[in-house]
Amino acid sequence: MTTAIESRRLRVSFGSKDVLHGIDLAVRANEVTAVIGPSGCGKSTFLRALNLMHDLTPSAKVTGEVIFAGKNVYDASVDPVDLRRRIGMVFQKPNPFPKSIYDNVAYGPRINGIRNKGRLDEIVERSLRSAALWDEVKNRLKQSGLALSGGQAQRLCIARTIAVEPDVVLMDEPASALDPIATLAIEDLIRELKQNYTIVIVTHNMQQATRVSDRTAFFSVLTDSKNDTRTGILVEYGPTQQIFEDPHDNRTQAYVTGRIG
């Protein structure tokens, strides 16, 4: 199985505090990898390290490597804008732009130089269909994306992400702010999207991880009460069924059975 993106000895700190330490994790192409673990273990920090989002935080320091397309993304020669096109991000809270539904999806392609109306129409329709939203909005593409329901808005954000044809889609708890019906729609969509994309999803919902992911990474926290620090570590990574039914580490077993949270 081909590896799409891989972290090697990845370490992230903010100021003098390590938030993640020594993360070695190879994400397989065209699979859904779930990242689970208690609050404060660095799940979202890990996700953001994969596409250089910590560059936007002055106090952040990242060491180690993230290998994507044969190159360390932290190499000075890597263009962050191009990287974020190839490794897209869907956030916890739906964040449509204050633009029409059409312009939300067409935004990325336009930034990348596509101006032809016919080509943009094709991209918008294809992306909205891929995000299972086309039939609901095809007659109101000029309506503001801000007028959509929470579940529709999140699918619009997914359509906007895939409109630029990324290789990897990162999802930071994409359904946590949604109702159960909208959540199931997002989960169905994730399972379909892996045919064309590699997906890494952070979730607090362990049932969701079992439903949508092929492999699961369990992160935990090393606590140093003397120095008042909490550092995220990768405890175990493997096929989702094995992680939940036959974990190899006692810490994983304690978490997935609810003995620790």
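This write-up is about the structure you can find in this document. In this text the structure is predicted, and so the values were computed from the model without any measurement.

Topic: the overall build of the protein chain
Thought 1: The number of helices and strands found in the protein chain is 10 helices and 10 strands.
Thought 2: For a compact globule of 261 residues, the expected C-alpha radius of gyration is about 18 Å, and the protein chain comes in at 19 Å, within 12% of that figure.
Thought 3: Principal axes of the C-alpha set define a box for the protein chain whose edges measure 60 × 40 × 35 Å.
Thought 4: Within the span of the protein chain, comprising 261 residues, buried residues form 51% of the whole.

Describing the packing of aromatic side chains
Each aromatic ring pair is described using two quantities: the centre-to-centre distance and the angle formed by the ring planes.
Thought 1: In the structure shown here, the tally under the stated rule is 3 aromatic pairs.
Thought 2: When the centroid spacing of 5.4 Å and the interplanar angle of 55° are considered together, the rings of F46 and F219 count as tilted. Taken together, the residues span a long stretch of sequence, with F46 in helix α1 (residues 43-49) and F219 in strand β9 (residues 215-224) at a distance of 173 residues.
Thought 3: Taking the relative accessible area as the measure of exposure, F46 reaches 1% and is therefore buried.

Here's the deal with the pairing of strand β7 (residues 168-172)
Thought 1: With 5 of 5 residues buried, β7 is to be regarded as a mostly interior element.
Thought 2: Taking every second residue as pointing to the same face, both faces of β7 are buried, with V168, L170 and D172 on one and V169 and M171 on the other.
Thought 3: Note that strand β6 (residues 87-90) and β7 share 4 bridges and pair parallel. Following the sheet pairing, M89 is matched in β7 by L170.
Thought 4: Strand direction decides the pairing type here: β7 and strand β8 (residues 198-202), joined by 5 bridges, are parallel. For M171, the partnering residue across the bridge sits in β8 and is I201.
Thought 5: In this region the chain leaves β7, passes through helix α7 (residues 180-193) and returns to the parallel neighbour β8; the handedness of that crossover is right-handed.

Quick word on unusual backbone geometry
Thought 1: A positive phi angle is found at A69, which is not glycine, with a value near 55°.
Thought 2: By secondary structure assignment, the location of A69 is in the loop between β4 (60-68) and β5 (71-72).
Thought 3: Positive phi is not limited to glycine here, since E173 has a value of about 50°.

Some points on helix α3 (residues 101-111)
Thought 1: The complete set of buried residues in α3 reads I101, Y102, N104, V105, A106, G108 and P109.
Thought 2: Those residues of α3 that are buried lie in contact with α4 (117-130), α5 (134-137) and α6 (150-162).
Thought 3: Just beyond α3, the residue with positive phi is G113, at close to 100°.

Description of the pattern of salt bridges
Thought 1: Inspection of every chain in the model, using the stated rule, returns 18 salt bridges.
Thought 2: Residues R8 and E6 are paired through a salt bridge, measuring 3.5 Å at the closest nitrogen-oxygen approach.
Thought 3: Look at R8 and you get partly exposed, because its relative accessible area is 31%.
Thought 4: Note on E6: relative accessible area 23%, which makes it partly exposed.
Thought 5: For R119, the salt bridge is made with E122, and the minimal N-O distance between the two is 3.6 Å. Here E122 and R119 lie together in helix α4, a separation of 3 residues that amounts to about one turn.
Thought 6: According to the relative accessible area criterion, R119 is partly exposed, its value standing at 33%.
Thought 7: In this structure, a network of salt bridges that share partners links the residues E6, R8, R9 and E65.

Cut-off values and rules
- Residues numbered from 1 in each chain as written.
- Predicted model: local features only at pLDDT ≥ 70, side-chain atom pairs only at ≥ 80, totals over all residues.
- Heavy atoms only, no water.
- Helix = DSSP H or I, 4+ residues; strand = E, 2+ residues; numbered from the N terminus.
- Rg over C-alpha atoms; globule rule 2.2 N^0.38 Å.
- Buried < 20%, exposed > 50% of the residue type's maximum accessible area, 1.4 Å probe, protein only.
- Phe/Tyr/Trp six-rings, centres within 6.5 Å; stacked < 30°, edge-to-face > 60°.
- Pairing = 2+ DSSP bridges.
- Right-handed = clockwise from strand over helix to strand, strands pointing away.
- Contact = heavy atoms within 4.5 Å.
- Salt bridge = Lys/Arg side-chain N within 4 Å of Asp/Glu carboxyl O.

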